[in-house]
Amino acid sequence: MLLGPVCKFTLKLYIPHPGLLTAVHRNYFCVLNHRELLFNDFGDRVAQLLHVESAIPFLQNRSSSYVQQQSLIVNTHLVFPHDHSLSIVRLKQVYKILQYIEAYQEEHKLGPMPIILCGDWNGSKRGQVYKFLRSQGFVSSYDTAHQYSDSEEDAHKWVSHRNHRGNICGVDFIWLLNPDKCRKPLKTSWNEAVFGIMKYLLLQVASLPEENAFALLKADSSDDRITYSSFCQALCQLGMVHPDRVNSEEMEDLWSEVDHDGNGAVDYKEFQRCIWSPKCYNQEEEDDTEIDVAEGSIVTFEPNDETFGFTVKEAVLFPPEVEKGMWPENYSLSDHAPLTVVFSPVRMPCSPRTPQHP
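Residues numbered from 1 in each chain as written. Predicted model: local features only at pLDDT ≥ 70, side-chain atom pairs only at ≥ 80, totals over all residues. Heavy atoms only, no water.

Caption draft 1: View of the pairing of strand β6 (residues 70-77). In terms of residue burial, β6 counts as a mostly covered element, since seven of its eight residues are buried. Two elements, strand β3 (residues 46-54) and β6, share seven bridges in a ladder whose sense is antiparallel. Of the residues in β6, the one forming a bridge with Ala47 is Thr76. Since β6 and strand β7 (residues 115-120) lie parallel, the crossover through helix α1 (residues 87-107) that links them has a hand, and here it is right-handed. (Buried < 20%, exposed > 50% of the residue type's maximum accessible area, 1.4 Å probe, protein only. Helix = DSSP H or I, 4+ residues; strand = E, 2+ residues; numbered from the N terminus. Pairing = 2+ DSSP bridges. Right-handed = clockwise from strand over helix to strand, strands pointing away.)

Caption draft 2: View of the pattern of salt bridges. Taken as a whole and judged by the stated rule, the model has 11 salt bridges. Note that Glu152 and Arg126 form a salt bridge whose closest N and O atoms lie 3.6 Å from each other. With Glu152 in the loop between α3 (141-145) and β9 (161-162) and Arg126 in the loop between β7 and α2 (128-135), the pair connects residues that are 26 residues apart, well separated along the chain. A residue is classified by how much of its surface remains accessible, and Glu152, at 48% relative accessible area, is partly exposed. (Salt bridge = Lys/Arg side-chain N within 4 Å of Asp/Glu carboxyl O.)

Caption draft 3: Representation of the sheet that holds β6 in the model. Taken in spatial order, the six strands make up an open sheet running β2-β3-β6-β7-β11-β8, and their pairing is mixed. Of all strands in the sheet, those with a lone pairing partner are β2 (29-38) and β8 (139-140), marking the two edges. Of the pairings in the sheet, the one linking β6 to β7 comprises six bridges and is parallel in character. Looking at the pairing, Thr76 lines up with Gly119 of β7. The sheet strands contacting α1 are β2, β3, β6 and β7, and the helix crosses β2 at an angle near 130°. Contacts from α2 reach β7, β8 and β11 (172-177), with the element oriented near 15° to β11. (Contact = heavy atoms within 4.5 Å. Axes fitted to C-alpha atoms, helices over the stretch in contact; angles between N-to-C directions.)

Caption draft 4: Looking closely at the packing of aromatic side chains. Inspection of the entire model under this criterion finds 16 aromatic pairs. Geometrically, the ring pair formed by Tyr268 and Phe271 is tilted, given 5.8 Å between the ring centres and 35° between the ring planes. Taken together, the residues span about one helical turn, with Tyr268 and Phe271 both in helix α8 (residues 268-276) at a distance of three residues. On the accessibility criterion, Tyr268 (27% relative accessible area) is partly exposed. Phe271 sits in the buried class, given a relative accessible area of 0%. Grouping aromatic residues by their ring pairs yields a cluster made of Tyr130, Tyr142, Trp158, Phe173 and Trp175. (Phe/Tyr/Trp six-rings, centres within 6.5 Å; stacked < 30°, edge-to-face > 60°.)

Caption draft 5: Fine view of unusual backbone geometry. Going from Phe318 to Pro319, the amide bond is cis rather than trans, its omega being 5°. You can see Pro319 is positioned in the loop between β14 (306-317) and β15 (339-349). One non-glycine residue, Lys109, lies in positive phi territory at about 50°. Following the sequence through the fold, Lys109 ends up in the loop between α1 and β7. When its relative accessible area of 73% is taken as the criterion, Lys109 is described as exposed. Although it is not a glycine, Ser207 sits at a positive phi angle of roughly 55°. Note on placement: Ser207 falls in the loop between α4 (186-205) and α5 (210-218). For Ser207, a relative accessible area of 55% translates into the label exposed.

Just geometry here; none of it tells us what the structure is for.
Here it is, written out as structure tokens:
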């Protein structure tokens, strides 16, 4: 059921590097709170979080009263992938954003509400950032409106940027996460994404086949197994260890994920399961899977509760040629194509999420 007026978001990336401007139309939203997130990493990139409330109330279900829908909006500009070593930095920036959102929701005891992430992500649908956000239940509003999938066939249907190298690509997204989406724990998605980058570096950059990659990870171990020490050494060799990338605490978490039986060593089968052939990022399959709430976890709302979310009514890129995967030579307004998405509020059930264990 659609309720109330539509809400329009326009992403226009005429912004000074590396600053951000998030403008909110007073006819649609009023700003309840805002925060700035400094990544304090390579490139001095930042993000802005806005906690907004609808300016026009919506009719509440089975009641004559009206409610004003609240949402969280984040605007950001990720670092450009100048080389493969920045893949993990970009992933870490998104991880920080999602961690910050969770902390903000917990601090203010917020109930289920839609989350919108927008900006220049400096990465396409084929990258780990895209897969990471999909694994967390986010959908690309433009792809949703045009019924594009995550397949390789649909990866190049549209473009939004001609970069300084002259390449055209789709890097500007308005992501939507509705409160009816089942989400795996954030740390789980992070670990899977890091392993994905690790495999890419081993396979594509170091040009190591599976057996040689395992040999690199186990180093000079005498019993043909990977140890924690050799695992850390390999991540360092791959350029993945740094406070801006994978820190010491996250390294221990990754090791715990790989050393599933906790015996202090990883054999070839565990290497294949967790690193070389990890769980795929198939959101459609995840949406059809029930999430088991582990003992000791706390779910803060009932799955039968109702809340408000958004449905994507329309999404348009300008100029029209970019929607066909082409960049017009006579377009000089910007090196980015403005993306406009129109949302409409919709009533939906809440979906519980298994939180992180303390």
